[in-house]
Amino acid sequence: MTKTERAKANKEKKIQKTKDYNLKLKKETNQLVVDRMISQLEAGVDVWRRDWGGAHGGMPYNFAEGYQFSGDNVFMLMMFGGGGFATVKQVKKKYGNHFGPSKGSQGIHVQKPYIIPWKNKDGSPKLDKDGKPEGVLKGFGWFKVFKLEQFINYNTGKSLAEEKNLGVKKIVTSNHNRYKGTMSELLTTSYINNEKINIGIGDPSYSPSADKICMPTYDDWNGTDSEKIASMGSTLHHECYHSTAPRVGRKLGYTKTKYALEELSAELCASFLNCQTGIDSKELEKRSASYLQGWADKLKGETVDNIMKCVGDAVTGQAYILKASDFVQDKDTKEWYYPETEERKVA
């Protein structure tokens, strides 16, 4: 074997070793997230209905660099409470080397795309119409993030959130107190109108053959006005997810197993959109213990790959609904918002 051939063989071996490590890490992380979801359901924690308006609220976001996580990372981080996350390197770069995770803290791995940038003839990076570098997606790697609450000042022992007053900052899509429910209505109405989906009155459902969503009227819902808005919005998000099936090429199955997986994806997508539009989960009725145990039992009988496929389908459905609606996405923070809403806060 020549020197060139040995160098090539070593390079290929190194690439394969990296791929094997990333695959192993992916399987371990997926198993960890699924196990956590099942254990919380068995403990009576409603993973679909969280109080995302907590200390740091909103969709999971990187508090060091100020952008929202996307894709499967959203689900993974929501299973660990949502809010702010960052890598140790990002925190040290922004706040100083004396900040880091407290002793015993456990992080969670999230995906990161590896992109090979395109270059112009003069060697400068090729930019798209928005001024962002263009390139080819090579694949995905993994990096570990920790929650904001886990970072402390090693010199003083105080939390990073306390020292930098980060607890009052959060990424949201609107002023929740003023627009509670309204963002959900703007999202679903614009999506349904733009996609020309038929609407009817009746029990919550979606008919693929008629491309029709049925919903009870506002007065049919029980509870206070805020409870009605939250329940109606969350349920409509669920049905809107079902309506994305023929639009993204997702086949609807009617066997017991396929139906359960489709419902799981719909519940996940609804929870993402609830968070996105500011629906307060405290206004939603708590699920019964038997309902939560039922989901735990169903998930135990499924493979991790099937469950993570549900997550991917939910993320795809969420993205389709947002893009088909009148909402627009901030180029830098990746935050979705309704263009007529100026009262928008970014961490």
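Residues numbered from 1 in each chain as written. Predicted model: local features only at pLDDT ≥ 70, side-chain atom pairs only at ≥ 80, totals over all residues. Heavy atoms only, no water.

What is the right way to look at the sheet that holds strand β10 (residues 212-215) in this model?
Strands pair in a sheet through their backbones, by hydrogen bonds, and they do so in one of two ways: parallel or antiparallel. Strands sit in the order β8-β10-β9 across an open sheet of three strands; the sheet is mixed. For this open sheet the edge positions go to β8 (198-201) and β9 (205-207), each flanked by a neighbour on one side alone. Ignoring which end each strand starts from, the neighbouring axes of this sheet average 25 degrees apart. Where β9 lies against β10, three bridges are found, and the strand directions are antiparallel. Note that in β10 the partner of Y206 across the bridge is I213. Across the face of the sheet, helix α7 (residues 225-243) comes into contact with β9 and β10 while running at roughly 160 degrees to β10. (Pairing = 2+ DSSP bridges. Helix = DSSP H or I, 4+ residues; strand = E, 2+ residues; numbered from the N terminus. Axes fitted to C-alpha atoms, helices over the stretch in contact; angles between N-to-C directions. Contact = heavy atoms within 4.5 Å.)

What is the right way to read the environment of G83 from this model?
Considering the arrangement of structural elements, one finds G83 in the loop between α2 (72-78) and β3 (84-86). G83 sits 15 residues away from Q68 along the chain, and the two C-alpha atoms are 9.8 Å apart.

Which parts of the structure should I look at to understand the pairing of β10?
Where a strand is regular, its side chains alternate between the two sheet faces. Across four bridges, the pairing between β8 and β10 is parallel. Each residue of the ladder has a partner; that of G200, found in β10, is C214. Linking β9 to β10, which pair antiparallel, is a turn of four residues; within it D211 sits at a positive phi near 45 degrees.

Just checking my understanding: could you explain the packing of aromatic side chains for this structure?
Counted under the stated rule, the structure contains six aromatic pairs. With a centroid separation of 5.9 Å and an interplanar angle of 70 degrees, the aromatic rings of F63 and F151 are classed as edge-to-face. Here F151 lies in strand β7 (residues 151-153) and F63 lies in the loop between β1 (61-62) and β2 (67-68), a separation of 88 residues in the sequence. Both residues of the pair, F63 and F151, belong to the buried class. These aromatic residues form a ring-pair network of at least three members: F63, Y95, F99, F146 and F151. (Phe/Tyr/Trp six-rings, centres within 6.5 Å; stacked < 30°, edge-to-face > 60°. Buried < 20%, exposed > 50% of the residue type's maximum accessible area, 1.4 Å probe, protein only.)

Teacher, can you tell me more about the pattern of salt bridges here?
One pass over the full model with this rule turns up five salt bridges. Across the pair K147 and E149 runs a salt bridge whose closest N-O atoms are separated by 3.9 Å. Look at E149 and you get partly exposed, because its relative accessible area is 42%. Note that E262 and R250 form a salt bridge whose closest N and O atoms lie 3.1 Å from each other. With a gap of twelve residues between them, E262 in helix α9 (residues 256-277) and R250 in the loop between α8 (245-248) and α9 connect regions that are remote in the sequence. Judged by relative accessible area, which is 9%, E262 ranks as buried. (Salt bridge = Lys/Arg side-chain N within 4 Å of Asp/Glu carboxyl O.)

Looking at this structure, how should I read α7?
Since the α-helix advances by 3.6 residues per turn, residues separated by three or four positions end up pointing in the same direction. Taking 1.5 Å as the rise per residue, α7 with 19 residues should run 27 Å; its terminal C-alpha atoms sit 27 Å apart, in good agreement. Most of α7 sits out of view: 14 of its 19 residues are buried. (Expected span 1.5 Å × (residues − 1).)

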